[in-house]
Amino acid sequence: MKRFSAVLISLAVLTACSKKPEQTVEEPQEKGPVIVDMTIEAQDHVGLTVAEARKTQLTEYLQVTGTVQPSDSRVSQVRSLALGRVLEVLVRVGDRVISGQDLTRIDNIEAGELLSDEEAARAELQRRQVQLTTQTKQYERVRRLVDIGAAAPKDLELAESEQQELRQSIRSQESVIAGIGSRLRRFGVEPGTSRAPVTTIVRAPFGGVITRVQTASGELIDTTHDLFTVADLSHVWVQAEVYEKDLGRVRLGQNAVITVDTYPRERFLGRVSYISDVLDPQTRTAKVRCELANPGLKLKLDMFATIRVPTSFSRMALSVPDSALQQVDSENVVFIRKAGTSFEMRHVQAGNSVNGQMEILSGLREGERVVTDGAFHLKSILAGKSLGEE
């Protein structure tokens, strides 16, 4: 019996010794804010700057590059009204001219020929008028003879018919002379002028800039010869090519902001006036044209320009500069100044980036002071600290 009790006691001891201790699960501790320190001297060295997060109007723009071109309706190809020889060219490329300004002097060969034709036509008219006077006297004699029975009535009818034909021919000749006179007046020459060489002045049709000169002194020209190109640059086009994927963001009639490198602080307001219906098969782009005023003729032809067209994205949102956003472990973070040398890393949810401003959807409150320049250096300090801990 004693031996059996000893066995039971031994089994109990072995069971107690072999029993595993109960495992305890520690409650996860909530992580506190991640703080990065940087001395004032280091901040000054890297140019660290801080700005308050604010709600702003974020408007997304489509930005494309184009060139300044003259408006087709404001460009004129100046030609001579007559055959002639250029005596003198009075303007050069780049000259600004006003409406009616003299551009060139021409020896008007055609006007000289017309004066000769007019002189011959007047001589012919005078000859026919003399014939009519003679015929009128003949008609009167025949009428008197018929009255006394010395001539047949048919002789009177014949004389009257001849008289009417002469009158008709005189009216026709007067019309010829009037037509020659009208053509002479188009050249600034009054009918009946001496047949001496006629000089005609070609003038600017409107104010603008001479963009091409295609003639020289001594050159023989006619009405098909382009002499000058005058462009009114008070209004111009800016023409760009927009990729197929972006065409849906551009609409006829919408406003556009145009800038050029020559005047970086100036903005020119234009309007989208044309969107091509045909794509370039090579570049997959369509031509888009903006019309705009050109005060002071600051915009020069073929100057490169940037067109910014507002798209449908536009809303008030909390935002920070793009440079404030950093990536840590594939997550978006910003650094918030808590004290002079202390910065808190804050995880945020980012939205759209518009014109250098990043929309912040969550993780940041309005008015918090965010590092805008120098955030990368804070991230570098954080990365170095993590490596040291490992």
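See the structure shown above.
To keep things clear, this report deals only with the structure shown in the data block. Counting restarts for each chain: residues are numbered from 1 in the order of the written sequence. For a predicted model such as this one, the threshold for reporting local features is a pLDDT of at least 70, and the threshold for listing and counting side-chain atom pairs is 80 or more; totals across whole chains, interfaces and linings nevertheless cover every residue. As a convention, hydrogens and water are excluded, and side-chain values are obtained from all of the structure's heavy atoms.

**What about the sheet that holds strand S8 (residues 199–203)?**
The strands making up a sheet associate through backbone hydrogen bonding, with each pair oriented either parallel or antiparallel. The condition is simple: When DSSP finds at least two bridges between two strands, those strands are taken to pair. Secondary structure elements are defined from DSSP: runs of H or I of at least 4 residues count as helices, runs of E of at least 2 residues count as strands, and each element is numbered from the N terminus.
Taken together, the four strands give an open sheet; going across it, the order is S8-S7-S5-S10, and neighbouring strands pair in antiparallel fashion. The open sheet has two free edges, formed respectively by S8 and strand S10 (220–221), since each of these has just one partner strand. For strand S5 (residues 84–89) and S10, the ladder comprises two bridges, and the chain directions are antiparallel. When the sheet's bridge partners are listed, Gly 84 is paired in S10 with Ile 221.

**Some words on the environment of Glu 174**
Where we set the bar: Relative accessibility under 20% of the residue-type maximum defines a buried residue, over 50% an exposed one, and the middle range a partly exposed one, all with a 1.4 Å probe and only protein chains included. Every residue pair with non-hydrogen atoms within 4.5 Å of one another is taken to be in contact.
The residue Glu 174 is located in helix H4 (residues 153–186) in this model. Residue classification places Glu 174 among the partly exposed positions, given a relative accessible area of 39%. With 49 residues separating them in the primary sequence, Glu 174 and Leu 125 have C-alpha atoms 7.1 Å apart. What Glu 174 contacts, discounting residues up to four positions off in sequence, is Leu 125 and Gln 129.

**Examining the pattern of salt bridges**
Threshold: Only one rule defines a salt bridge in this text: a Lys or Arg side-chain nitrogen within 4 Å of an Asp or Glu carboxyl oxygen.
One pass over the full model with this rule turns up 23 salt bridges. The shortest N-O distance in the salt bridge between Arg 127 and Glu 124 comes to 2.5 Å. Note that Arg 127 and Glu 124 are positioned in helix H3 (residues 109–147) at a spacing of three residues, about one turn of the helix. Of the residues examined, Arg 127 reaches a relative accessible area of 40% and is grouped as partly exposed.

**Brief notes about the pairing of strand S14 (residues 268–275)**
Taken together, the four bridges between strand S13 (residues 255–259) and S14 define a ladder with antiparallel strand orientation. Considered in S14, the bridge of Val 257 is made with Leu 269. Bridging between S14 and strand S15 (residues 285–293) involves five bridges; their strand directions are antiparallel. Within S15, the residue paired with Arg 271 across the bridge is Glu 291.

**Concerning the environment of Leu 87**
Tracing the sequence through the fold places Leu 87 in strand S5. When its relative accessible area of 29% is taken as the criterion, Leu 87 is described as partly exposed. With 20 residues separating them in the primary sequence, Leu 87 and Asp 107 have C-alpha atoms 6.3 Å apart. Residues contacting Leu 87, with those up to four places away along its chain left out, are Arg 105, Ile 106, Asp 107, Thr 199 and Ser 217.

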